[in-house]
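Chain by chain, the residues run as shown.
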Amino acid sequence: MNTETEVNPEYIAERAYLDHVRGSIESQAQRRAAQIAGASRQSFSAEDVNAAQGNAWELKLAQKASRVLQDQKNEPYFGRFDFQETEAGAPLETFYIGKASLYDEKNAFLVYDWRAPVSSVYYRYGVGPASYRAPAGQLNGRIDLKRRYEIKEGALVNVYNDRGAKLGHEDEEGDQMLLGLLGRNTTGQMRQIVQSIQGEQDAIIRTAAEVLAVQGPAGSGKTVVALHRAAYLLYMMRERSMNPSQRDQFISAQRMLVFSPNGVFSSYIAQVLPDLQEDQIQQVILESFLQRELRQICQANRETLGTVWRIETKDDHSEYFLESQDDPHYAARREGSYHKSSLAMRAAIIAYVNLMESEIDAGFENVMSTTSFAKNGKPEPLFLKADMARKFHQRAGDHRVSLIARVKDLVEAIDQEVGHLTKALAPPRARKNSGGLERLLSEEQRARIESDITLLRAAADRQRQNIARLESVGPLSRYRDFWVQSQSNVQLVKLPPEALAAMRTGLLTAFSEQRLPYEDLIPLLLLHGFVRGFPGMGGIEHAIVDEAQDYSPIHFEYLRNCLADGCSMTIVGDTNQAANPFMGLDDYAKLASVYGAGSVKRLELTRSYRSSQEITDFAGRILGDHVHVENVRRTGTKPQLHALASDASPLPTLQTIIDGLTTDGMQTVAILCRTRRAAAAFQTQYGAALGATLLSGDFDKLPQGVIVLSVQLAKGLEFDSVLVMDTDAATYGRDEERKLLYTACTRPLHALHLVYQGAPSPLLPLGHEELFEIL
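Basis of the calculations
- Residues numbered from 1 in each chain as written.
- Predicted model: local features only at pLDDT ≥ 70, side-chain atom pairs only at ≥ 80, totals over all residues.
- Heavy atoms only, no water.
- 1 Å grid on protein atoms, 1.4 Å probe; cavity = no way out; pocket = protein on both sides within 12 Å on 5 of 7 lines; lining within 4 Å.
- Points joined across faces, edges and corners; volume = space filled by probe spheres on them.
- Helix = DSSP H or I, 4+ residues; strand = E, 2+ residues; numbered from the N terminus.
- Nonpolar A, V, L, I, M, F, W, Y, C, P; charged D, E, K, R; others polar.
- Buried < 20%, exposed > 50% of the residue type's maximum accessible area, 1.4 Å probe, protein only.
- Polar contact = N/O pair within 3.5 Å; in protein donor to acceptor, adjacent residues only side chain to side chain.
- Contact = heavy atoms within 4.5 Å.
- Phe/Tyr/Trp six-rings, centres within 6.5 Å; stacked < 30°, edge-to-face > 60°.
- Axes fitted to C-alpha atoms, helices over the stretch in contact; angles between N-to-C directions.
- Parallel < 35°, antiparallel > 145°, perpendicular 65-115°, else oblique.
- Left-handed = near helix turned anticlockwise from the far one by under 90°.
- Core = buried A, V, L, I, M, F, W, Y, C linked by side-chain atoms within 4.5 Å.

## Description of the layout of surface pockets
Space left empty within the atom packing is revealed by a probe, the size of a water molecule, rolled over the atoms.
No. 1: The volume enclosed by the second largest pocket comes to roughly 1200 Å³.
No. 2: Of all the elements in the fold, those that place two or more residues in the lining of the second largest pocket are helix 3 (49-74), strand 6 (137-152), helix 5 (176-182) and helix 7 (222-239).
No. 3: In the lining of the second largest pocket, the residues fall into 14 nonpolar, 19 polar and 17 charged.

The structure is reproduced here in structure tokens:
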């Protein structure tokens, strides 16, 4: 801040307000400290459990409030807008926006939480007309002034207007504050973005939907927006709680879940919610969850996998299609993977379960249709034939209730009916409120009821035998039987006979080798769930699925059955970054067939905030001339292509590139290889000379410096600079590898280098020489 700005009356007024706010924070922090000290000194007898628990909870809340105040000392707010409603006589009100609300001693707002309804005005509008949806309804008005602040360690560093120009320098072009935030180097962890949320991102964060599916290009902020949406939902749940004293006790991040693609990604996003003063959200690596469930259900059914069975991973599957084009089974497996990941596979599994269900004999054919007796002069039925059968079959379409659960319910209903009929036959003295029923039954009727009781008990015994039979078959054996009987499946027979035969033979061969292909994992679990039941996640109220394009429609079908009714979802991804073109979510419209058309809301992010304009344009052209992504970042250096002689070692070129990037201040240099095998080979040959670290999915933190990893593992991450290895025609030559190359080229913030020997990849936009430099 220069001297001229410091004497600016507006700046002086802003600094005075900051001092006032910080004074209030200091006073509140002192009171909280006293509260914590008092609660810490409390002691209770062993009998006074409730008081001890209440004090512990009070202490926890006070400590959390104290942490929020400490954070607010450093940066109490980051934005302001002055808003006046259109209603005549409405005052001009000033709203300061921060990470958390702050009140003064009179309980008046000093700072509004960024998630409050009124705060949406700050994110979506500049000076001029504006509106927002308050609890009471839509409010319209006008913004007269909008500012953004750079505050560090409690000191006012810069003030920006609504266009991002510094106070006193309004003639500056471009959003200087936003560009400054976006231009920072990576730190190894994703940052919160409350200061720089854009209008399209804010709309997604605040959208009300049972299932929200978000498509966005690389660098559009899909993941961080999903996490800020989680923070927003937590805030709104607390605000709507009917019991304010229990808001923080029962509404926490532990009731939300992120399905993450790998451990590195989990670590990368772990700090976003804590930085927003929310507890860390639960994370589960989706593939690990599925494999763990497989092992548990197999062990429960005495089909131990142990270390003998090989369970193929998602990366194994993807890399098979990158490296095994010469395999004679390649084409058949490609077609099989596509079918097994489709909704047609769900239909085939349901057809198999329906067939099992039809073979379960309810056993009511010989039960009487009515037992009539005189009551008020009219005959009435005591028991209707097939009542229990209807209760069973009416639930047949709801496969969230497993087949075994429905049979058990049927047995319970039969047992209850037997009890009712037995009670009807009991002598009057043994029954209360008999109403003279005993005297109204003829001998013939009594004989028929006794016969029905016998028949019903026999039916119940048969159902118990059905339960035992269903429980005796393990998940591997049942899935094998599914394919053994595939030629009688009304859905599978719709496939070409040779394709069905190839899938059947492929599965049976894999099982004989004690191997479970990745494309068979979800169908197996889904079949087991329909028959035996799904693992419950009853405590989860909101789930996030990231990198959605890498999961098939029946992945989402399985998750839908595992999560409780009412659990909302945020699903984010980019279909242009699909790791495997033969198995994944290629169209978000398919989600409507899983969750129901009325439950899914689809939104799209269109702008990229990660890379420079040059990198964004270059990467977009890899997908085709029709792809254009709006870029927010300022211009930088063009991507550089390094053409090496076929017999030359790449090491000298790599060392020169890395030395230059380090000199330019790049803290992370990622060397991306097409597959894990290629990354391991590169590390073995050049890693030591380059001082590089080989990154695997086992890492729990993204390291700084030079790192080597596969493109698949780099998905969702970003680096200061990227070197894409082997961008030649032999390595990236097929159209199926286009999205993989695009993914690699969209990882860097500042610098992109591509290295190849021989002919360059035809997937590169070589016809647009203005987009790159060849060295």
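## Things to note about the side chain of His 555
No. 1: In this structure, His 555 sits in helix 22 (residues 553-562).
No. 2: Residue His 555 is classed as buried on the basis of its relative accessible area of 3%.
No. 3: A polar atom in the side chain of His 555 sits 2.8 Å from the side chain of Ser 552.
No. 4: Residues in contact with His 555, not counting those within four places in the same chain, are Leu 290, Tyr 518, Ile 522 and Met 583.

## Observations regarding empty space enclosed by the protein
No. 1: For the structure on display, the rule yields 7 cavities of 30 Å³ or more.
No. 2: In this structure, the largest cavity occupies an estimated 70 Å³ of space.
No. 3: Surrounding the largest cavity, Pro 217, Ala 218, Ser 608, Ser 611, Thr 616, Ala 619, Gly 620, Val 629, Tyr 742 and Thr 746 form its lining.
No. 4: Its residues placed into classes, the lining of the largest cavity shows 5 nonpolar, 5 polar and no charged.

## Points about the packing of aromatic side chains
No. 1: Throughout the structure, instances matching the rule amount to 27 aromatic pairs.
No. 2: Here Tyr 320 and Phe 321 contribute two aromatic rings whose centre-to-centre distance is 5.1 Å and whose plane-to-plane angle is 85 degrees, an arrangement assigned as edge-to-face. Per residue, the accessibility class of Tyr 320 equals that of Phe 321, and both read buried.
No. 3: Where Phe 682 meets Tyr 686, the ring centres are 5.1 Å apart and the plane angle is 55 degrees; that geometry is what we call tilted. Taken as a pair, Phe 682 and Tyr 686 lie in helix 26 (residues 676-690) at a separation of 4 residues, close to a single helical turn.
No. 4: Classification of Phe 682 as buried rests on a relative accessible area of 7%.
No. 5: Classification of Tyr 686 by relative accessible area gives buried; the value is 12%.
No. 6: An aromatic cluster is built from Trp 309, Tyr 352, Tyr 479, Phe 482, Trp 483 and Phe 511, whose rings are joined through pairwise contacts.

## Looking at the packing of helix 11 (residues 286-300) against helix 22
No. 1: Interhelical geometry of helix 11 versus helix 22 gives an angle of 70 degrees and a closest axis separation of 13 Å. The angle between helix 11 and helix 22 falls in the class roughly perpendicular. As helix 11 packs across helix 22, the resulting crossing turns out to be left-handed. Contact with helix 11, carried on its side by Leu 286, Phe 289, Leu 290 and Glu 293, involves His 555, Tyr 558, Leu 559 and Cys 562 of helix 22 and no other residues of that element.
No. 2: Among the residues forming the contact of helix 11 with helix 22, the class breakdown is 6 nonpolar, 1 polar and 1 charged.

## Things to note about the side chain of Arg 148
No. 1: Here Arg 148 is to be found in strand 6.
No. 2: For Arg 148, a relative accessible area of 9% puts it in the buried group.
No. 3: Within the structure, the side chain of Arg 148 is placed 3.4 Å from the backbone oxygen of Asp 162, a separation counted as a polar contact.

## As for the nonpolar core
No. 1: Counting 85 residues, the largest nonpolar core has Phe 81, Trp 114, Phe 618, Leu 709, Phe 719, Val 724 and Cys 745 as the members making the most contacts within it.
No. 2: The leading source of residues in this core is helix 7, at 11 residues.
No. 3: Excluding residues that lie within four positions of it along the chain, Leu 709 makes contacts with Ala 670, Ile 671, Leu 672, Cys 673, Ala 679, Leu 695, Ala 714 and Phe 719.
No. 4: Counting 70 residues, the second largest nonpolar core, distinct from the first, contains Trp 483, Phe 534, Ala 548 and Cys 562.

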